[in-house]
Amino acid sequence: MFELLANTLVFTWMGLTPDSQAGAALHFFVMDSAKIFFLLIIIIYVMGLLRALLSPEKVRDYVRGKPVWLARSSAITLGAVTPFCSCSSVPLFIGFVEAGIPLGVTFSFLIASPMINEVAAVLLVSLLGWKIAALYVFAGLLVAYVGGALMERFKPERWVESYVWKIQMGEAQWSEEDTSLAGRHHFALNEVKNIVGRIWKWVFLGIGVGALFHGYVPEAWVVEHLGGKDNWLAVPAAVLLGIPLYSNATGVIPVAEAMLGKGVALGTTLALMMSIAALSLPEMLILRKVIRWPALALYASILAVAFMLVGWSFNILEAF
Amino acid sequence: MFDVKVLGSGCRNCETTHKMIEEVCSENAIPITLDKVEDMAQIMSYGIMSTPGVVVDGKIAHAGGVPDKKTVLSWFQAKCCPGNDNCC
């Protein structure tokens, strides 16, 4: 259906040929935009209708007081279905601390939440196949689990700003929720508006970069510079490149699609995706309000090393 | 008179929410006192972590993301169903 739409629009109406660079790029752009936004709206609407999207408040209630391994496992899985805007990172961090949730578990949540979500998972399956989707989700959960546990070892409590410990959180008095079908529909629509309104720029940017890569970067160049599975430097280069770059997890997928299509190694692509989605400068600056630089530097280094390990392992696995 | 507070540490969504409540209430002649709560400790004392949050008469009506106009109206007209255009 999307293929047909893109073919008609780009090749029939605009008269471009599939072999030309502009034709290939534009075809990629139209097809991915249609497909991604279609799926994005459907998924968020359905999740909203089921009220399956969790709020950070509920995650906090659920995780508090659990033994650490269980707290961590639930924090990362719940993190995957909790849409939260990075501007809420500070209250979230404070709320978790106040509930007595270990800092390492909070870090696990902060790693998992931007990297894995239900929208990204469905898009990965439909654009790149279930195998790559499963690998991405599994590797992401693993990194979040181990990364948070490792942070804990360094006793990050000493780097938390002192005012954080003094904040007392009140008991929330919620007003009644409208659970009728009309109320749910209305809630779901607003959820779509909020989330799409927040991420559409990243998604278009990602599709644009993917389209340019798809249309204009010659395959021979990719194979020579990025493709070789024995090119060890490609993975750290991908991770370093991803740190200053930021995009939403959904926006990274079309870029990955274009890279894989041109023959970039799987591990290198996964490392770049994770680094772009989970490691970002703006997020660090926001977290700086609650923890000091040493903790942030440690956080970034642990994640960078973890993403490199993920990249190298998948490149080795792929070779067999 | 409703007592309305917008909780948020000054991000753009909080501004938008504040403005929207102001608009909706003046359009519909709903009497409110509208305050901004920007201090983190005070925001947290209401028990929410996702901003912007909206507190109406001491109860949390909304948390996380910008509400739409119908939702805002529904806080003040208790019997109103937000899905129905004719009832408000």
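Everything below is about the structure printed above this text.
This report concerns the structure included in the present document. (Residues numbered from 1 in each chain as written. Chains lettered and ligands numbered in written order. Predicted model: local features only at pLDDT ≥ 70, side-chain atom pairs only at ≥ 80, totals over all residues. Heavy atoms only, no water.)

1. Digging into the overall build of chain A
Stage number 1. Helices and strands together make up the secondary structure of chain A, namely 16 helices and zero strands.
Stage number 2. Projected onto its principal axes, the C-alpha coordinates of chain A cover approximately 65 × 50 × 30 Å.
Stage number 3. Taking all 320 residues of chain A together, 52% fall into the buried category.
Stage number 4. Within the structure as shown, chain A displays about 14,600 Å² of accessible surface, and the carbon and sulfur contribution to it stands at 70%.
Stage number 5. Charge centroids of chain A, computed over 21 positive and 21 negative side chains, lie 8 Å from each other. (Helix = DSSP H or I, 4+ residues; strand = E, 2+ residues; numbered from the N terminus. Buried < 20%, exposed > 50% of the residue type's maximum accessible area, 1.4 Å probe, protein only. Areas by Shrake-Rupley, 256 points an atom, 1.4 Å probe, with all protein chains shown as cover. Lys, Arg positive; Asp, Glu negative; His and termini not counted. Charge placed at Lys NZ, Arg CZ, Asp CG, Glu CD.)

2. Quick word on a nonpolar patch on the surface
Stage number 1. Residues Met1, Phe38, Ile42, Val46 and Leu50 of chain A make up a contiguous nonpolar surface patch of about 510 Å² in total accessible area.
Stage number 2. For phenylalanine 38 of chain A, a relative accessible area of 40% translates into the label partly exposed. (Patch = residues over 30% accessible without salt bridge, like charges linked within 9 Å, V, L, I, M, F, W, Y side chains within 5 Å. Salt bridge = Lys/Arg side-chain N within 4 Å of Asp/Glu carboxyl O.)

3. A word on the pattern of salt bridges
Stage number 1. Summed over the entire model, instances satisfying the criterion amount to seven salt bridges over all chains.
Stage number 2. A salt bridge links lysine 36 of chain B to glutamate 15 of chain B; the nearest nitrogen and oxygen atoms lie 3.4 Å apart. One end of the pair, lysine 36 of chain B, is in strand E2 (residues 32-37); the other, glutamate 15 of chain B, is in helix H1 (residues 12-27), and 21 residues separate them in sequence.
Stage number 3. Given the relative accessible area of 42%, lysine 36 of chain B is considered partly exposed.
Stage number 4. What emerges from the salt-bridge pattern is a single network uniting Glu161, Arg288 and Arg292 of chain A.

4. Quick notes on the nonpolar core
Stage number 1. Counting 100 residues, the largest nonpolar core has Phe93 and Phe307 of chain A as its most contacted members.
Stage number 2. Element by element, the count of residues in this core is highest for helix H16 (residues 293-319) of chain A, at twelve residues.
Stage number 3. Setting aside its immediate chain neighbours within four residues, phenylalanine 307 of chain A contacts Met115, Val143, Val235, Val239, Ala271, Met274, Ser275, Ala278 and Leu279 of chain A.
Stage number 4. Formed by 16 residues, the second largest nonpolar core is a distinct cluster that contains Ile21, Val54, Val72 and Leu73 of chain B. (Core = buried A, V, L, I, M, F, W, Y, C linked by side-chain atoms within 4.5 Å. Contact = heavy atoms within 4.5 Å.)

5. Quick word on the environment of tryptophan 13 of chain A
Stage number 1. Positionally, tryptophan 13 of chain A belongs in helix H1 (residues 2-13).
Stage number 2. Remark: the alpha-carbon pair of tryptophan 13 of chain A and leucine 110 of chain A, spanning 97 residues in sequence, is separated by 46 Å.

6. What to know about the pairing of strand E1 (residues 2-7) of chain B
Residues in a regular strand point their side chains to alternate faces of the sheet.
Residues and elements named next belong to chain B.
Stage number 1. Inspection of the sheet shows E1 paired to E2 by six bridges, in the parallel sense. Bridged to aspartate 3 within E2 is threonine 33.
Stage number 2. You can see the chain leave E1, run along H1 and come back into E2, and the turn it takes is right-handed.
Stage number 3. With four bridges joining them, E1 and strand E3 (residues 53-56) adopt antiparallel strand pairing. Note that in E3 the partner of valine 4 across the bridge is valine 56. (Pairing = 2+ DSSP bridges. Right-handed = clockwise from strand over helix to strand, strands pointing away.)

7. Observations concerning the packing of aromatic side chains
All names here are of chain A.
Stage number 1. In this structure the tally under the stated criterion is ten aromatic pairs over all chains.
Stage number 2. Put simply, the rings of Phe29, Phe37, Trp200 and Phe204 touch in pairs and so form one group of aromatic residues.
Stage number 3. Taking NZ or CZ as reference, arginine 72 lies 5.5 Å from the ring centre of tyrosine 145, over its face.
Stage number 4. For the cation-ring pair, arginine 158 lies above tryptophan 159, with the distance from its terminal atom to the ring centre recorded as 4.3 Å. (Phe/Tyr/Trp six-rings, centres within 6.5 Å; stacked < 30°, edge-to-face > 60°. Lys NZ or Arg CZ within 6 Å of the ring centre and 35° of its normal.)

8. Things to note about the packing of helix H10 (residues 181-216) of chain A against helix H13 (residues 249-261) of chain A
Residues and elements named next belong to chain A.
Stage number 1. Across the interface, H10 lies against H13 with an axial gap of 7 Å and an inter-helix angle of 10 degrees. What the angle tells us is that H10 and H13 run roughly parallel. Contacts from Ile199, Trp202, Val203, Gly206, Ile207, Val209, Gly210, Phe213 and His214 of H10 reach H13 at Thr250, Gly251, Pro254, Val255, Ala258 and Met259.
Stage number 2. The residue makeup of the contact of H10 with H13, split by class, is ten nonpolar, five polar and no charged. (Axes fitted to C-alpha atoms, helices over the stretch in contact; angles between N-to-C directions. Parallel < 35°, antiparallel > 145°, perpendicular 65-115°, else oblique. Nonpolar A, V, L, I, M, F, W, Y, C, P; charged D, E, K, R; others polar.)

9. A short note on the sheet that holds E3 of chain B
Residue and element names in this part refer to chain B.
Stage number 1. Here four strands make up an open sheet; going across it, the order is E2-E1-E3-E4 and the pairing mixed. Two strands close off the open sheet at either side, each with one partner strand: E2 and strand E4 (59-63). Averaged over all adjacent pairs, the angle separating strand axes in this sheet is 20 degrees, with direction ignored.
Stage number 2. Each of E1, E2 and E3 touches H1; the most contacted strand, E2, lies at about 175 degrees to it.

10. Some thoughts on the interface of chain B and chain A
Stage number 1. Contacts between chain B and chain A engage 24 residues on the former and 26 residues on the latter.
Stage number 2. At the boundary of chain B with chain A, total buried surface from both sides reaches about 2,100 Å², with 61% on carbon and sulfur atoms.
Stage number 3. Seen at the junction of chain B and chain A, the total is zero salt bridges.
Stage number 4. For the interface between chain B and chain A, the tally reads seven residue pairs in polar contact (both at pLDDT 80 or more).
Stage number 5. Looking at side-chain class alone, the side of chain B that touches chain A contains 13 nonpolar, eight polar and three charged residues. (Buried area = accessible area lost by both parts, 1.4 Å probe. Polar contact = N/O pair within 3.5 Å; in protein donor to acceptor, adjacent residues only side chain to side chain.)

11. Quick look at the pairing of E4 of chain B
All names here are of chain B.
Stage number 1. Bridge count for E3 against E4 is four bridges, and the pairing is antiparallel. Paired with valine 56 across the two strands is lysine 59, which belongs to E4.
Stage number 2. A loop of two residues connects E3 with E4, the two strands running antiparallel in sequence, and aspartate 57 in this loop sits at a positive phi of about 50 degrees.

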